[in-house]
Amino acid sequence: DNVFLGDNDRINLGDGNDLQIWHNGSSSNITDAGTGSLYIGGNNDVVITDGAISETKAKFTTNGAVELYYDNSKKFETATSGVNIVGTTTTGQLNVSGVSTFQDNVNISGTNQLIFGNSNDATLYNDGTDTRFTSGGKLFLRGDLGQYVRIEDGSSNTLADFNSQGSVDLYYNNSKKFETTTGSVDITG
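Residues numbered from 1 in each chain as written. Predicted model: local features only at pLDDT ≥ 70, side-chain atom pairs only at ≥ 80, totals over all residues. Heavy atoms only, no water.

Peer 1: Would you mind going over the sheet that holds strand E10 (residues 122-126) with me for this structure?
Peer 2: Sheets are built from strands paired through backbone hydrogen bonds, the pairs being either parallel or antiparallel. Taking strand neighbours across the sheet as the criterion, the 3 strands line up as E9-E10-E11 in an open arrangement whose pairing is antiparallel. Each edge of the sheet is formed by a strand with only one pairing partner; in this case those strands are strand E9 (113-116) and strand E11 (131-135). Strand-to-strand, the axes of this sheet are offset by a mean angle of 10 degrees, without reference to chain direction. Direction of pairing for E10 relative to E11: antiparallel, over a ladder of 5 bridges. Its bridge partner lying in E11, threonine 123 is registered against threonine 134. (Pairing = 2+ DSSP bridges. Helix = DSSP H or I, 4+ residues; strand = E, 2+ residues; numbered from the N terminus. Axes fitted to C-alpha atoms, helices over the stretch in contact; angles between N-to-C directions.)

Written as structure tokens, this is what we have:
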């Protein structure tokens, strides 16, 4: 039948009471007080749940993923290629080596910056009023061959076109006023 122990009574296992299991009146404890490691294993998955065994907290799948849950909803999972995170991730610092792929927007709040290069060679940021892209060296904007680079204002009015293997066009009030040609420039107005 059952074994009943009072608060702070312990089940001690090992010659030096290496593994201890007890309840102290407010919480239950399993302590590995020995010199080795504490192993928890199962022939199948190992699942940590609430007391009613109705809400999963963590799941360790045999030969598979480790999953962490919040309010019975999976939020973190290890995968063959790395980890999968569901929801918002908040971190003080994230160091990534390798390629990062974003499927949605990247939001940078306040006056924080995107910083490029080993020595902060270039930055992209908003100072609270204006957006600034700074470069410690030359700044290159490149469009695909046969295409152009266009600069527009906030109302989609063209300010300048840099045409591939062609002219540079400058505009005033969305009307071309200056164009480079093979041997000269054309000025309108």
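Peer 1: What is the right way to read the packing of aromatic side chains from this model?
Peer 2: For any pair of aromatic rings, geometry is given as the distance between the ring centres together with the angle between the planes. Taken as a whole and judged by the stated rule, the model has 1 aromatic pair. Between phenylalanine 116 and phenylalanine 133, the ring centres sit 6.5 Å apart and the planes meet at 85 degrees, which makes this aromatic pair edge-to-face. Placement of the pair is phenylalanine 116 in strand E9 and phenylalanine 133 in strand E11, with a sequence separation of 17 residues. Among the residues examined, phenylalanine 116 registers a relative accessible area of 39% and is labelled partly exposed. Positioned over the ring face of tryptophan 22 is arginine 10, at 3.7 Å from the centre of the ring. (Phe/Tyr/Trp six-rings, centres within 6.5 Å; stacked < 30°, edge-to-face > 60°. Buried < 20%, exposed > 50% of the residue type's maximum accessible area, 1.4 Å probe, protein only. Lys NZ or Arg CZ within 6 Å of the ring centre and 35° of its normal.)

Peer 1: Just checking my understanding: could you explain the pattern of salt bridges for this structure?
Peer 2: If charged atoms from side chains of opposite charge come close, those side chains can pair. Taken as a whole and assessed by the stated rule, the structure comprises 9 salt bridges. Ionic pairing is found between lysine 74 and glutamate 77, a salt bridge with its closest N-O pair at 3.5 Å. With its nearest N and O atoms 3.8 Å apart, the salt bridge here joins aspartate 130 to arginine 132. Classification of arginine 132 as partly exposed rests on a relative accessible area of 36%. One network of salt bridges, with partners in common, ties together Glu67, Lys74 and Glu77. (Salt bridge = Lys/Arg side-chain N within 4 Å of Asp/Glu carboxyl O.)

Peer 1: Please explain the pairing of strand E6 (residues 66-70) as it appears in this structure.
Peer 2: Bridging between strand E5 (residues 56-60) and E6 involves 3 bridges; their strand directions are antiparallel. Looking at the pairing, alanine 58 lines up with leucine 68 of E6. The turn linking E5 back onto E6 is made up of 5 residues, and asparagine 63 within it adopts a positive phi angle of 55 degrees. Hairpin connection between E6 and strand E7 (residues 73-79): a loop of 2 residues separates the two successive antiparallel strands, and aspartate 71 in this loop has a positive phi of roughly 50 degrees.

Peer 1: Even after reading the chapter, I still don't get the side chain of glutamate 67, so can you show me in this structure?
Peer 2: With respect to the helices and strands, glutamate 67 occurs in strand E6. At 2.5 Å, the side chain of glutamate 67 forms a polar contact with the side chain of tyrosine 69. (Polar contact = N/O pair within 3.5 Å; in protein donor to acceptor, adjacent residues only side chain to side chain.)

Peer 1: Would you mind showing me how to read the layout of surface pockets here?
Peer 2: The method is simple in principle: a probe with the dimensions of a water molecule rolls over the atoms, and the space it marks as empty is what remains. Roughly 1,400 Å³ of internal volume is contained in the largest pocket. Contributing to the lining of the largest pocket are 28 residues, with Thr89, Thr91, Leu94, Val96 and Phe102 lying nearest its centre. At the level of secondary structure, the elements contributing two or more residues to the lining of the largest pocket comprise strand E8 (82-85) and E9. (1 Å grid on protein atoms, 1.4 Å probe; cavity = no way out; pocket = protein on both sides within 12 Å on 5 of 7 lines; lining within 4 Å. Points joined across faces, edges and corners; volume = space filled by probe spheres on them.)

Geometric descriptors of this kind do not, in isolation, establish any biological role.
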